[in-house]
Amino acid sequence: MLLSLREVTKTYPGAETAVLRGVSLALEAGGMLALTGESGSGKSTLLHLIGGLDTADSGSVAIDGTDLTPLDDPGRARLRRGTVGVIFQQFNLIPSLTVAANIAFQARLAGRHDAAHAQALAQRLGLAGHLDKYPEQLSGGQQQRVAIARTLAPRPRLVLADEPTGNLDEATADTVFALLCELVAETGAGLILVTHSERLAARMRRRMHLSAGQLT
Ligand SMILES: Nc1ncnc2c1ncn2[C@@H]1O[C@H](COP(=O)(O)OP(=O)(O)OP(=O)(O)O)[C@@H](O)[C@H]1O
Ligand SMILES: [Mg+2]
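In what follows, the accompanying structure is described. Bear in mind the structure is a predicted one, so any value in this text is a computation, not a measurement.

## A few points about the sheet that holds strand E4 (residues 58–63)
1) Next: Strand order in the open sheet formed by four strands is E2-E1-E4-E5, and the pairing between neighbours is antiparallel. Single-partner strands in this sheet number two, and they are strand E2 (20–27) and strand E5 (66–67).
2) Next: Judged from the five bridges that link them, strand E1 (residues 3–10) and E4 form a sheet pairing that is antiparallel. Bridge pairing in E4 places Arg6 opposite Ser60.
3) Next: Strand contacts of helix H1 (residues 43–50): E1, E2 and E4, with the helix running at about 125° to E1, the strand carrying the most contacts.

## Examining the site of ligand 1
1) Next: What surrounds ligand 1 is the set Tyr12, Val19, Glu38, Ser39, Gly40, Ser41, Gly42, Lys43, Ser44, Thr45 and His196.
2) Next: Between Thr45 and ligand 1, the recorded distance is 2.6 Å, taken from a side-chain N or O atom to an oxygen atom.
3) Next: With the chains in place, 55% of the 630 Å² that ligand 1 exposes on its own is no longer accessible.
4) Next: A class-by-class count of the residues in the shell around ligand 1 yields two nonpolar, seven polar and two charged.

## A look at H1
1) Next: With six of eight residues buried, H1 is to be regarded as a mostly interior element.
2) Next: All buried positions along H1 are accounted for by Lys43, Thr45, Leu46, Leu47, Leu49 and Ile50.
3) Next: Phi turns positive one or two residues past the end of H1, at Gly52, with a value near 70°.

## Concerning the pairing of strand E6 (residues 84–87)
1) Next: With burial as the criterion, each face of E6 is covered, one bearing Val84 and Val86 and the other bearing Gly85 and Ile87.
2) Next: Here E6 pairs with strand E7 (residues 158–162) via four bridges, running parallel. Along E7, the bridge assignment pairs Val86 with Leu160.

## A few points about the pattern of salt bridges
1) Next: Inspection of the entire model under this criterion finds ten salt bridges.
2) Next: Residue Lys10 pairs with Asp54 through a salt bridge whose shortest N-O separation is 3.4 Å. A residue pair is termed long-range when its members are at least 10 positions apart, and Lys10 in strand E1 and Asp54 in the loop between H1 and E4 qualify at 44 residues.
3) Next: Owing to a relative accessible area of 6%, Lys10 belongs among the buried residues under this scheme.
4) Next: In this structure Asp54 comes out as partly exposed when scored by relative accessible area, which is 24%.
5) Next: Close ionic contact of Asp73 with Arg76 constitutes a salt bridge, the shortest N to O distance being 2.3 Å. Highlighted residues: Asp73 and Arg76, both in helix H2 (residues 73–83), separated by three residues, approximately one helical turn.
6) Next: Classification of Asp73 by relative accessible area gives exposed; the value is 52%.
7) Next: On the accessibility criterion, Arg76 (8% relative accessible area) is buried.
8) Next: Through salt bridges with shared partners, a single ionic network connects Glu170, Asp174, Arg199 and Arg203.

Analysis parameters
Once a new chain begins, its residue numbering starts again from 1 and follows that chain's sequence as written. Numbering of ligands from 1 and lettering of chains from A proceed in the order in which they are written. Two thresholds apply to this predicted model, a pLDDT of at least 70 for residue-level local features and 80 or more for giving and counting side-chain atom pairs, whereas whole-chain, interface and lining totals are computed over all residues. Side-chain measures were taken over the full set of non-hydrogen atoms in the model, leaving aside hydrogen atoms and water. Whether two strands pair comes down to DSSP finding at least two bridges between them. We count a stretch as a helix when DSSP gives it H or I for four or more residues in a row; a strand needs E for two or more, and each element gets its number in order from the N terminus. We call two residues in contact when some of their heavy atoms are within 4.5 Å. Every axis corresponds to a line fitted to the C-alpha atoms, with the helix fit spanning only the stretch in contact, and the corresponding angles, defined between N-to-C directions, vary from 0 to 180 degrees. By convention in these notes, a residue is near a molecule or strand provided one of its non-hydrogen atoms lies within 4 Å of it. Pairs of N or O atoms within 3.5 Å make up the polar contacts considered here, provided that, within protein, one atom can donate a hydrogen while the other can accept it, and that residues adjacent in sequence are counted only when both atoms are side-chain atoms. Residue burial considers only the protein chains on display, and all accessible areas are found by Shrake-Rupley using a 1.4 Å probe. Residues are grouped as follows: Ala, Val, Leu, Ile, Met, Phe, Trp, Tyr, Cys and Pro are nonpolar; Asp, Glu, Lys and Arg are charged; all remaining types, including Gly, are polar. For every residue, the accessible area (1.4 Å probe, protein chains only) is compared with the maximum for its type, and the residue is labelled buried under 20%, exposed over 50%, or partly exposed between those bounds. Salt-bridge detection follows one rule: a side-chain nitrogen of Lys or Arg within 4 Å of a carboxyl oxygen of Asp or Glu.

See the structure below:
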């Protein structure tokens, strides 16, 4: 199993109620899943636990059979770089780097930079004419496409996308969503996509809803 969560719980320090109360989930290689839930229901928290950006209080999170729970921060970071790619809602591009350097950034960190692959991604995402620009010179939709290219460049086996189209107008969101699904499907990676949009969630084969700390 690419991803396996068992009875994961999480309460933030100082908080009275648990965000996650026994979340279990399995995703096979190449599986795609839309994750919905009200604001504050814990969707980003769940992605952070899967991506190794934070740790669960109890339960286990395993990627390719490797449990993240006992790993230290560098161990989780290594696993994340090689296997898991995260696309954030706020793009998180590096303002001082060109589009080309932004796209190559994660792949270089992971020791997996492949210029031809990066070029092909840029082409597919309509960024070929923007490679020497800086993020601030791009529209929101273009910046989000750079963020997608950057995440896909190291060829992650699992892509976590946290509202990747939340900041975009409907038409741009549709285009970016379709491209993301297409590119992920081509690489055979798994995808968990958080979205507030019922319209976009309805287009994915598998859907899960987070409510009161549980997945249904
Ligand atoms: N670092 C943190 N420290 C303390 N509480 C947090 C932290 N991050 C999130 N929370 C709380 O945990 C709950 C879940 O937050 P989370 O960001 O996971 O929700 P979400 O479903 O992603 O919401 P949204 O749709 O608005 O992005 C919220 O009540 C939030 O206030
Ligand atoms: Mg969130």
